[in-house]
2 protein chains.
Amino acid sequence: MTTIQFLAQQLLAHNVKHLFCVPGDYSLKILDGFAKEGIRIINTCDEQGAGFAADAYGRLNGLGAVCITYCVGGLKVTNPVAEAFAEKSPVVVISGAPGLRERQKDPLLHHKVKDFDTQLNVFKALTVFATILENPRDIGAQILQAIELALQYKRPVYLEIPRDIVTAEIEIPKNGFSTGFLQSNPKALDEALKEAKAMIESSSQPLILADVEIQRFGLQKELEMLTTQTGIPVCATLLGKSVIAETHPHYIGVYEGATGSEEVCAYFDQSDCLILLGVFMTDITLGSTKSALDMSKCIYATSEKLTIRYHSFEEVRFEDFVKGLLALNIRKSLPKQLPHPPSPLLSRIDENANISVNSFFGLVNSFLSPKTVVIADVGESLFGAIDLVIHESTEFISPAYYASVGFSIPASIGAELARPHLIPFVICGDGAFQMTGIELSTACRYNLRPIVFLLNNGGYSTERIFLDGPFNNLLNWNYSKITELLGCGRSCSVKTNRELKEAIEKAMSDRDSFWLIEVMLSPTDHSLALQRMAQRIMP
Amino acid sequence: MTTIQFLAQQLLAHNVKHLFCVPGDYSLKILDGFAKEGIRIINTCDEQGAGFAADAYGRLNGLGAVCITYCVGGLKVTNPVAEAFAEKSPVVVISGAPGLRERQKDPLLHHKVKDFDTQLNVFKALTVFATILENPRDIGAQILQAIELALQYKRPVYLEIPRDIVTAEIEIPKNGFSTGFLQSNPKALDEALKEAKAMIESSSQPLILADVEIQRFGLQKELEMLTTQTGIPVCATLLGKSVIAETHPHYIGVYEGATGSEEVCAYFDQSDCLILLGVFMTDITLGSTKSALDMSKCIYATSEKLTIRYHSFEEVRFEDFVKGLLALNIRKSLPKQLPHPPSPLLSRIDENANISVNSFFGLVNSFLSPKTVVIADVGESLFGAIDLVIHESTEFISPAYYASVGFSIPASIGAELARPHLIPFVICGDGAFQMTGIELSTACRYNLRPIVFLLNNGGYSTERIFLDGPFNNLLNWNYSKITELLGCGRSCSVKTNRELKEAIEKAMSDRDSFWLIEVMLSPTDHSLALQRMAQRIMP
């Protein structure tokens, strides 16, 4: 078996059926090999698009993969790979490279930067495992190790394949790779759970805050059962939004510290027992409240650490702790007065009025169903989306912590391929669209059909709040003409709530191609969430 | 004086009047500060475009600058910065970043990857100097050092500015920064020149091969005088194409080893004294001939080393050696039979026939003048351009070694701002256009007017020669509709030589906006250069 056959086999074993790429001379044999093994090759316009698509695919599929050429391709995916690292998405980065025989005497082969290890060194800074496949005796084990580490840490790994190694015969490892990752120490787990139980049972207002690791480790069902069974209400971070169906009666909304809903914030502050599950302590998801968080009332469990009040436990796996909490059979009575997650109401929308940020999200909300997945870009697209009601778990994707503008459209490519039965609702700003919107070409090419809402508010409006200047302006394109450039897709531009409603209805019924709906907004109209956020983030 | 004032002052002192950027919350104060100091802020659609524009600006202006935000911006310019490193273009990379006060206790601030040094570590691998500006006592000296190193090595440097440092008052260094870069040792220089003189004078067929360092170090005049005065003919590498006006009677063409012109290659091989000036020994520019080069007949001078036959000299600056060669007053008689650089002849073009790769370059060639600058992208755009006759020195730019597809259109932004009196002739393929062509938006916004030739041959045709598959196909856009999407610019699509000629005439006379000329080519029509190249590069 060759390197590429073994790698393809392992990816397919983890349900990776699509590979995102831009080809280059060093990567052609890799693409050809994968195609022959039955992996579908998805070309994007630019490597950046392939990186974001693979990230989104990894989030929904459990593992994603991107293949690029040496340096001129690899260095273009550093940002999406950094995003996958920061927000825990398991992605295998596969780079073509000069052959080992070509590297002798260190010649200046095209695409080389400082030396042959430059790209490897860059990816060491952005992944949990990075290596060059060189020795046919080790390659099989290295591939197993890379995939195992990606799955264990839910983070990207990097495999560089010199082009004379792609079809080299390799030794097949007899055993799978063991990361040496321990099972939980039963005594430590037991002690931690007993403490947690005592803390929760003696509390008068316990609250669960759930974040994205619940989704990454596949614990959504456990979370749902935990809140249903115990009567402890649950809120989510912005990054973790949709780890629980937002229609669940125990769900109180998104918690974002002082920048989020006042009602949720007050309930959180009053809680005497906070159960933080898989939470990233970030400035965006917690609204800069980390220093204010009183750890003496916290049970804080993630895949990297478990802390109860001020002490930590070793050797307790996140999954085991969450499942253990469920098995404790705690019963609390659900408080009678819970914050309601705000549900934007259609009845309050004047159909003849111009669209506002609030009416836009209200209208979109009325079309959400278990058949839609919302993919929000950065800025107003994300902050406004806080109040959307997601019907089932994991139907909301956004780069809510890493916050890389331009994620959403290429991400929708990966999302739709991973979950073909869902309709992506993509929400992005004009700035994001100018960065990566051209990847709608990829949607055309592979007959993908996202519904893209382009919020046209005439520039980087999020940044205007911080500090304005001409650098926050954008050239105002005729966005809906993109269908003419690409020769496919459908588009329209809408100003009033009625036009928006009719456009969504049309896009939901005419499902033959992507839809771009340009939503005209006033540059000075902002969601409350964004205004609060701006006040907090700027030093 | 504040950090940003001092940095702006230093950039302006080196004629950096434009700064390429995409704004982000960590970089807003930097942009605002530069604008107030009189540096013009140029927004691109995506950071990649800003990086390529700054590289091209650096090549033509002697120094360029790009400003991006932390990680989500910085990591998007790793590829253009790697290109600037590989092909020696001096670019100052200025990154916004979280404030020093915000970094205390290592919180998860938005955009952070592994730790606060991740981006710094990545740029250490891609620049000759990378630092975070932290201490007001050192900042002035660090800025001087960064700019001096960029200029000395003609390579990128990286300055990260925490946002609470941007307007901090700093100490102004009393002295300029000395890199400790020695003047040449006069005795070593003298010995080297004497040896060179003896070698050249005793040779019967000396030849100069000039590469891009001649341009980077501003030695074009010296090169011209050297060949004029000594009668030694000169050829150029592909990367160095146009370091001498190609209309010079002593110029014999581009040398690319076995992949280039046979006549030039034969003359090169027969030479008994090769004077290699500023040459990068790369697989592309030398056509994989490095191992075959007989060093016993070489005088090999670059900014990094000086070697005569098999021995090297220390402490001899490249500039001093080139100027020293000129002062030697060597007189050789110009050989009577020199290879003619092929000049594509209009008379052989059938105006009614469909455009071929050869007729395209022949027609474009007839429009070149001292008022045009050719910017060639990678692939057929570059290989076909070999035979264009560039009229004055430095009117040809391409990533001929690093070979990053998508360079040309954003590069034209930087080139036109650096040399506003020149008309950029941009030659790119459909693959390149789908990557970065959208930066024509930036041309619109700042009223820049490149003439873009889009060679539409239905996919990554250069790669088809190596190994073909569906991954080399592209969606066939209606490219000329980009003017409708952007709401500006002019475009057309041409099939016959007559249509092409008329389109160029129109674009040269109607100079109110950019022009996109889509040139329809057969997917199977290749330049001879590309066919030879493909045979050599593929192992």
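Residues numbered from 1 in each chain as written. Chains lettered and ligands numbered in written order. Predicted model: local features only at pLDDT ≥ 70, side-chain atom pairs only at ≥ 80, totals over all residues. Heavy atoms only, no water.

### A word on the overall build of chain A
Assigned secondary structure in chain A consists of 20 helices and 19 strands. By the compact-globule yardstick of 24 Å for 539 residues, chain A fits well, its C-alpha radius of gyration being 24 Å. Taken along its principal axes, the extent of the C-alpha atoms in chain A is 70 × 65 × 45 Å. Buried positions account for 67% of the 539 residues belonging to chain A. In chain A, the share of contacts with a sequence separation of at least 24, taken over all contacts with a separation of at least 6, comes to 77%. Here chain A has roughly 18,000 Å² of accessible surface; of this, 49% comes from carbon and sulfur atoms. Chain A carries 48 positive and 60 negative side-chain charges, and their two centres are separated by 3 Å. (Helix = DSSP H or I, 4+ residues; strand = E, 2+ residues; numbered from the N terminus. Rg over C-alpha atoms; globule rule 2.2 N^0.38 Å. Buried < 20%, exposed > 50% of the residue type's maximum accessible area, 1.4 Å probe, protein only. Contact = heavy atoms within 4.5 Å. Areas by Shrake-Rupley, 256 points an atom, 1.4 Å probe, with all protein chains shown as cover. Lys, Arg positive; Asp, Glu negative; His and termini not counted. Charge placed at Lys NZ, Arg CZ, Asp CG, Glu CD.)

### A look at the UniProt feature "domain: Thiamine pyrophosphate enzyme N-terminal TPP-binding" (unreviewed entry) in chain A
Taken from the UniProt record, the annotation "domain: Thiamine pyrophosphate enzyme N-terminal TPP-binding" (unreviewed entry) applies to residues 1-110 of chain A. The span residues 1-110 of chain A is 40% helical and 18% strand by assignment, and the distance between its end C-alpha atoms comes to 30 Å. (UniProt positions renumbered as here; feature names shortened; annotations may be inferred.)

### What to know about the interface of chain B and chain A
Every contact between the two is made by 80 residues of chain B and, on the other side, 79 residues of chain A. For the chain B and chain A pair, buried surface summed over both sides reaches about 6,800 Å², with 62% attributable to carbon and sulfur atoms. Among the residues of chain B in contact with chain A, Leu-108, Phe-471 and Leu-485 of chain B are the three that bury the most area, contributing 11% of the side total. A salt bridge links Lys-481 of chain B to Glu-484 of chain A; its shortest N-O distance comes to 4.0 Å. Inspection of the region where chain B meets chain A yields 30 residue pairs in polar contact (both at pLDDT 80 or more). The element best represented in the side of chain B that touches chain A is helix α4 (residues 78-86) of chain B, accounting for 5 residues. In terms of residue class, the side of chain B that touches chain A is built from 43 nonpolar, 19 polar and 18 charged. (Buried area = accessible area lost by both parts, 1.4 Å probe. Salt bridge = Lys/Arg side-chain N within 4 Å of Asp/Glu carboxyl O. Polar contact = N/O pair within 3.5 Å; in protein donor to acceptor, adjacent residues only side chain to side chain. Nonpolar A, V, L, I, M, F, W, Y, C, P; charged D, E, K, R; others polar.)

### Observations regarding the pairing of strand β6 (residues 157-162) of chain B
Put simply, side chains in a regular strand alternate between the two faces of the sheet. Residue and element names in this part refer to chain B. For β6, a buried count of 6 out of 6 residues is recorded, marking the element as mostly surrounded by other parts of the structure. Burial along β6 is two-sided: the residues Val-157, Leu-159 and Ile-161 and Tyr-158, Glu-160 and Pro-162 are all buried. Across 6 bridges, strand β4 (residues 91-97) lies against β6 in parallel orientation. Across the sheet, the residue bridging to Ala-97 is Pro-162, located in β6. With 3 bridges connecting them, strand β5 (residues 130-132) and β6 associate as parallel partners. Among the inter-strand pairings, Thr-131 is bridged to a residue of β6, identified as Leu-159. Crossover handedness for the path β5 to helix α6 (residues 139-153) to β6: right-handed. (Pairing = 2+ DSSP bridges. Right-handed = clockwise from strand over helix to strand, strands pointing away.)

### Brief notes about the domain arrangement of chain A
Residue and element names in this part refer to chain A. You can read the domains of chain A as domain 1 (3-162), domain 2 (186-327) and domain 3 (346-530). If you average the C-alpha positions of domain 1 and of domain 3, the two centres end up 30 Å apart. Taken together, the contacts link 24 residues of domain 1 with 26 residues of domain 3. Each partner contributes to the roughly 2,000 Å² buried at the junction of domain 1 and domain 3, and carbon and sulfur atoms together form 65% of this total. Put simply, domain 1 and domain 3 have 10 residue pairs in polar contact (both at pLDDT 80 or more) between them. For the side of domain 1 that touches domain 3, the secondary structure elements donating two or more residues are β1 (18-21), β2 (40-43), α3 (47-61) and α4 (78-86). Counted by class, the side of domain 1 that touches domain 3 contains 11 nonpolar, 7 polar and 6 charged residues. (Domains from an automatic or database assignment.)

### A closer look at the pairing of strand β3 (residues 64-68) of chain A
Residues and elements named next belong to chain A. Most of β3 sits out of view: 5 of its 5 residues are buried. Where burial is concerned, the two faces of β3 agree: the one with Gly-64, Val-66 and Ile-68 and the one with Ala-65 and Cys-67 are both buried. Pairing of β1 with β3, which is carried by 2 bridges, proceeds in the parallel orientation. Residue pairing across strands places Phe-20 opposite Val-66, the latter belonging to β3. Pairing of β3 with strand β4 (residues 91-97), which is carried by 5 bridges, proceeds in the parallel orientation. In the sheet register, Gly-64 faces β4, and the bridge partner there is Val-91. In this fold, β3 hands off to α4, which returns the chain to β4; that crossover is right-handed.

### Here's the deal with the pattern of salt bridges
All names here are of chain A. Applying the stated rule across the entire model yields 53 salt bridges over all chains. For Glu-505, the salt bridge identified is with Lys-501, shortest N-O distance 3.7 Å. Pair noted here: Glu-505 and Lys-501 are both in helix α19 (residues 497-509), with a separation of 4 residues, about one helical turn. The class for Glu-505 is partly exposed, based on a relative accessible area of 36%.

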